[in-house]
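Structural characterization, general
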Amino acid sequence: NNSNIELSFTIIAKLNSMLFVNDYIRMVFVTYSIINMFILYFAIKKLSDYPAISLLIYIFIFYSVLTLTQIRFGVACALFLLSITDIYEKKPIPFIFKIFLAVFFHYSAIIVLPFYFLNNNKFNKMFYYSIIILSLIIYMIASGQIEFVISNSGFLPEYIERKILLYLKFQDIN
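Residues numbered from 1 in each chain as written. Predicted model: local features only at pLDDT ≥ 70, side-chain atom pairs only at ≥ 80, totals over all residues. Heavy atoms only, no water.

Quick notes on the side chain of Asn 16
- Relative to the assigned elements, Asn 16 resides in helix α1 (residues 7–19).
- In this structure the side chain of Asn 16 is engaged in a polar contact, spanning 3.2 Å, whose partner is the side chain of Thr 31.
- With sequence-adjacent residues up to four places away left out, Asn 16 is seen in contact with Val 21, Tyr 24, Met 27, Val 28 and Thr 31. (Helix = DSSP H or I, 4+ residues; strand = E, 2+ residues; numbered from the N terminus. Polar contact = N/O pair within 3.5 Å; in protein donor to acceptor, adjacent residues only side chain to side chain. Contact = heavy atoms within 4.5 Å.)

What about helix α6 (residues 92–105)?
- Compared with the 20 Å implied by 1.5 Å per residue over 14 residues, the 20 Å span of α6 between its first and last C-alpha is a close match.
- For α6, the set of buried residues is Phe 95, Lys 98, Ile 99, Ala 102, Val 103 and Phe 105. Relative to the axis of α6, the buried residues are bounded by an arc of 150 degrees and lie together on one face. Counted as exposed and oriented over 90 degrees from the buried face of α6: Ile 93 and Phe 97. (Expected span 1.5 Å × (residues − 1). Buried < 20%, exposed > 50% of the residue type's maximum accessible area, 1.4 Å probe, protein only. Arc of directions from axis to C-beta.)

Brief notes about the nonpolar core
- Among the nonpolar cores identified, the biggest contains 21 residues, and Tyr 32, Ile 39, Leu 40, Val 75, Leu 79 and Phe 105 are the most heavily contacted of them.
- Put simply, the parts of the chain that give this core at least two residues each are α1, α2 (24–47), α5 (71–88) and α6.
- At 7 residues, the largest contribution of residues to this core is made by α2.
- Ile 87, Phe 95, Val 112 and Tyr 116 belong to the second largest nonpolar core, which has 5 residues in total. (Core = buried A, V, L, I, M, F, W, Y, C linked by side-chain atoms within 4.5 Å.)

Concerning the pattern of salt bridges
- Under the counting rule described, the total for this entry stands at 4 salt bridges.
- In this structure, Glu 6 and Arg 72 form a salt bridge, with 2.3 Å as the shortest nitrogen-oxygen distance. Taken together, the positions of Glu 6 in the segment before α1 and Arg 72 in helix α5 put the pair 66 residues apart, joining distant regions of the chain.
- Classification of Glu 6 by relative accessible area gives buried; the value is 4%.
- Taking the shortest distance from any N to any O, the salt bridge between Lys 91 and Glu 89 comes out at 3.0 Å. (Salt bridge = Lys/Arg side-chain N within 4 Å of Asp/Glu carboxyl O.)

And the structure:
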């Protein structure tokens with residue numbers, strides 16, 4: 001047992017290897033795809049006034065990524081989508097259950113737990129925009145894209161830009 005692999009993957013892979021000996025790897029993808037589309041169908045039906053159009057948009061834009069390649073993450077996203085009404089209706093138990101089920105498919109789903117505590121009555125645009133911007137900055141730093149953004153932005157004075165880039169390069173060396 002590898003603790004870095006989600007339990008859902010271990011179970012689904014093991015079941016498929018027993019049922020489909022010669023083609024179990026492909027069947028793992030099929031199983032995740034079926035689970036994803038099943039959950040997504042109920043989430044879209046619950047949230048959208050136009051479920052057929054919403055499902056078509058998902059299929060054309062996200063299906064190949066979230067259902068065929070990022071299979072575990074796709075199921076976790078579908079479960080989060082299904083839990084959105086629990087946030088709005090302030091139903092903590094169903095929300096927590098769905099998110100922990102999502103964690104069963106992808107550990108990163110744990111980061112959506114704080115979403116439950118967002119106040120849907122008082123929408124402070126500046127606070128939410130700040131969270132989005134901060135998330136993008138953290139992503140760029142973690143993925144190493146911040147150097148590219150800083151060196152091609154043109155919004156910082158040149159001497160500050162040089163110092164930041166030098167600092168980032170120094171961090172890479174250590």
